[in-house]
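Chain by chain, the residues run as shown.
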Amino acid sequence: MSSTTMAELIKRQEAERQDLAAGVYLAWQSLKEREKELLNQFENKYENAPASIQENIDQTKEKFFAEWGSDGRLAALMEARQSKDRKKIAAQEKLAEQFEQYQSKDRDRGH
C-alpha cells in the first residue's frame, strides 16, 4: 500500500462501503422473505402471530442490526480498518513531504 495515494485509498474505501451496502440490502431482503414466510399463515400481520413467532422475528432483526446495521459489527470493523489505512497513508505522505523539504534545504545549501 506504500505507493497508494490518499485519493486512491478513499476511492477504494468508498467502493468497499458500497459493497457493504449491497450486502446489507441482500441480507435484509433475505430476512424480510423469511419474515413473510413466518407471517404467511397469520394473514401476513405481525400482530396476528403468536408470541413465539413475534419473538423469533424480533430476535432475527436484532441479530441483523448487530451484524449489518450502520453501528453493527461489520460496519465498525470496516471503519476501524479504513481509519487505520488512512492514518498510515497520511503518515507516509507527511514523511515523504518532510524528506522532500530536507532534500530541498540540502540542495539550497549546496550539498
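This text follows the structure it describes.
Residues numbered from 1 in each chain as written. Predicted model: local features only at pLDDT ≥ 70, side-chain atom pairs only at ≥ 80, totals over all residues. Heavy atoms only, no water.

Peer 1: Pulling in residues and values, what's your account of the packing of helix α1 (residues 6-39) against helix α3 (residues 73-108)?
Peer 2: Packing of α1 against α3 brings their axes to within 10 Å, and their N-to-C directions diverge by 175 degrees. Taken together, the axes of α1 and α3 lie roughly antiparallel to each other. Together, M6, L9, R12, Q13, E16, R17 and L20 of α1 and L74, A75, M78, R81, Q82, D85, R86, I89, A90 and E93 of α3 make up the contact between the two elements. Within the contact of α1 with α3, the residues separate by chemical class into eight nonpolar, two polar and seven charged. (Axes fitted to C-alpha atoms, helices over the stretch in contact; angles between N-to-C directions. Helix = DSSP H or I, 4+ residues; strand = E, 2+ residues; numbered from the N terminus. Parallel < 35°, antiparallel > 145°, perpendicular 65-115°, else oblique. Contact = heavy atoms within 4.5 Å. Nonpolar A, V, L, I, M, F, W, Y, C, P; charged D, E, K, R; others polar.)

Peer 1: Give me the pattern of salt bridges: which residues, what numbers.
Peer 2: One pass over the full model with this rule turns up ten salt bridges. Across the pair E14 and R17 runs a salt bridge, and its minimum N-O distance is 3.2 Å. Placement of the pair is E14 and R17 together in helix α1, with a separation of three residues, close to one helical turn. Accessibility expressed as a relative area gives 35% for E14, which makes it partly exposed. The residue E67 makes a salt bridge to R73 at a minimum N-O spacing of 2.6 Å. Sharing partners across several salt bridges, the network here consists of R12, E16, R81 and D85. (Salt bridge = Lys/Arg side-chain N within 4 Å of Asp/Glu carboxyl O. Buried < 20%, exposed > 50% of the residue type's maximum accessible area, 1.4 Å probe, protein only.)

Peer 1: Before we move on, could you go through the environment of E67 and cite the residues and values that matter?
Peer 2: Relative to the elements of secondary structure, E67 occurs in helix α2 (residues 51-68). As a C-alpha pair, E67 and A7 span 60 residues in sequence and 29 Å in three-dimensional space. Apart from residues lying up to four places away in sequence, E67 is in contact with G72, R73 and L74. Separated by 2.6 Å, the side chains of E67 and R73 make a polar contact. (Polar contact = N/O pair within 3.5 Å; in protein donor to acceptor, adjacent residues only side chain to side chain.)

Peer 1: Which residues make up the nonpolar core, and what are the values?
Peer 2: Within the largest apolar cluster, six residues are counted, these being L38, L39, F42, A49, I53 and I57. For this core, the secondary-structure elements that each account for two or more residues are α1 and α2. The contacts of L38, once residues within four sequence positions are left out, are I53, N56 and I57. (Core = buried A, V, L, I, M, F, W, Y, C linked by side-chain atoms within 4.5 Å.)

These figures come from the coordinates and say nothing about function on their own.
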